[in-house]
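# Tertiary structure, described
As a plain string of letters, each chain reads:
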Amino acid sequence: MMDQLHEPGLAVHVEDLTVSYQSKPVLWDIDFDIPPGVMAAIVGPNGAGKSTLIKSILDLVKPTAGHVTIHGLPYRQQRRRVGYVPQRSSVDWDFPTTALDVVTMGLYGQLGWIRRPGRKEKERARAALEQVGMLDFADRQISQLSGGQQQRVFIARALVQEADVYFLDEPMAGVDATTERAIVRLLHGLRDSGKTVIVVHHDLQTVRNYFDWLVILNVRVIAQGPVSEVYTADNLRRAYGGQIALLDHSAQLAE
């Protein structure tokens, strides 16, 4: 097991992970691996534990059991190699700060909390805003931005870290179709440059177009692997139960 635990060929390795709230398991005995250089989706019904899984990988939620490695080492030793975009609903958008300041905060892990960001850091933050099409809004208060614009700013905050592995929790939720396409192009660009992109995703109809790796979750891992192998009606029915009947006609599922 130790050889597998420290396997540097895996971007993310999760083994025996269990998370409980008030003694009720939210995630149970989770095992999965994600290779480097893929764009992976984590899908499952409401209450499946998708966001909890991301947070437990990033040490934001304490697991009851199990362990996680990022490129062969514990997350605490790899923080600088990881970028994270939380759910937009979890952010206080009324906090008085500009888009540029939000992106610059992504560099605090490298600067430390004592050293102030200088001109070089501001230039990196502006470059990240330009990458997501938000440079013209650099000095705008985040509360004055639309939902899609806010999402782009938080993606820029992750990009400025120049990480190797990116976790995004429902980045396409509540954005318009144009913004969604722009986000997907950006994430595909990261993948194509060798980064690993892991997305909690809610829209089953776009899985095959957007992703090349898939983890299907419902408290336990139902299936994992390449989308072409894992995205089947049988696997989705095992995860979603009767809910999948609503999706069968449009999701073009493989039997």
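Residues numbered from 1 in each chain as written. Predicted model: local features only at pLDDT ≥ 70, side-chain atom pairs only at ≥ 80, totals over all residues. Heavy atoms only, no water.

Helical geometry note: an α-helix holds 3.6 residues per turn, so side chains three or four residues apart project in the same direction. The end-to-end C-alpha distance of helix 6 (residues 147–159) is 19 Å, a good match for the 18 Å that 13 residues give at a rise of 1.5 Å each. The element helix 6 is extensively covered by neighbouring structure, given that 10 of its 13 residues are classed as buried. Considered for burial, the residues of helix 6 that qualify are Gly148, Gln150, Gln151, Arg152, Val153, Phe154, Ile155, Ala156, Ala158 and Leu159. At its buried positions, helix 6 is contacted by strand 5 (82–85), helix 3 (99–104), helix 5 (119–131), strand 6 (165–169) and helix 7 (177–192). (Helix = DSSP H or I, 4+ residues; strand = E, 2+ residues; numbered from the N terminus. Expected span 1.5 Å × (residues − 1). Buried < 20%, exposed > 50% of the residue type's maximum accessible area, 1.4 Å probe, protein only. Contact = heavy atoms within 4.5 Å.)

Attention shifts here to the confidence of the model for the protein chain. Predicted coordinates in areas of low pLDDT are best not read in detail. When the pLDDT values of the protein chain are averaged, the result is 87; 87% of them are 70 or greater. Under a pLDDT of 50 for its full length, residues 1–6 has, in the predicted model, 10 contacts with residues more than four places off or in other chains. (pLDDT = per-residue confidence, 0-100.)

Quick look at the sheet that holds strand 1 (residues 12–21) now. On the basis of which strands lie adjacent, the open sheet formed by 3 strands has the order 2-1-4 and antiparallel pairing. Since the sheet does not close on itself, it has two edges, and those belong to strand 2 (24–34) and strand 4 (65–70), each with one partner. Ignoring strand direction, the axes of neighbouring strands in this sheet form an average angle of 20°. Here strand 1 pairs with strand 2 via 7 bridges, running antiparallel. Within strand 2, the residue paired with valine 12 across the bridge is isoleucine 34. Across the sheet, helix 2 (residues 50–57) is in contact with strand 1, strand 2 and strand 4; its angle to strand 2 comes to roughly 65°. (Pairing = 2+ DSSP bridges. Axes fitted to C-alpha atoms, helices over the stretch in contact; angles between N-to-C directions.)

Let us look at the nonpolar core. One finds Leu214 and Ile216 to be the most contacted residues of the largest nonpolar core, which totals 51 residues. Take this core: its biggest share by element is 6 residues, from helix 6. Not counting residues within four places of it along the chain, the set of residues in contact with isoleucine 216 comprises Val43, Val221, Ile222, Ala223, Val230, Asn235, Leu236 and Ala239. Core analysis: the next-biggest nonpolar cluster, separate from the first, contains 29 residues, Ile57, Val68, Ile198 and Val215 among them. (Core = buried A, V, L, I, M, F, W, Y, C linked by side-chain atoms within 4.5 Å.)

Right, let's talk about the environment of aspartate 29 for a bit. Its place among the elements puts aspartate 29 in strand 2. Under the relative-accessibility criterion, aspartate 29 is labelled partly exposed at 37%. Sequence separation of aspartate 29 and leucine 17 is 12 residues, and the distance between their C-alpha atoms is 5.0 Å. The residues touching aspartate 29, leaving out its near neighbours within four places in the chain, are Asp16, Leu17, Thr18 and Arg220.

Across the sheet, 6 strands lie side by side as 5-6-7-3-8-9; this open sheet has mixed pairing. One side of each edge strand has no neighbouring strand; the edge strands of this open sheet are strand 5 and strand 9 (220–226). Across this sheet, the average inter-strand angle for adjacent strands is 15°, counted without regard to direction. Here 4 bridges tie strand 3 (residues 39–43) to strand 7 (residues 196–200), and the two strands are oriented parallel to one another. Counted as the bridge partner of methionine 39 is valine 197 from strand 7. Across the sheet, helix 6 lies against strand 5 and strand 6, angled at about 170° from strand 5, the strand it touches most.

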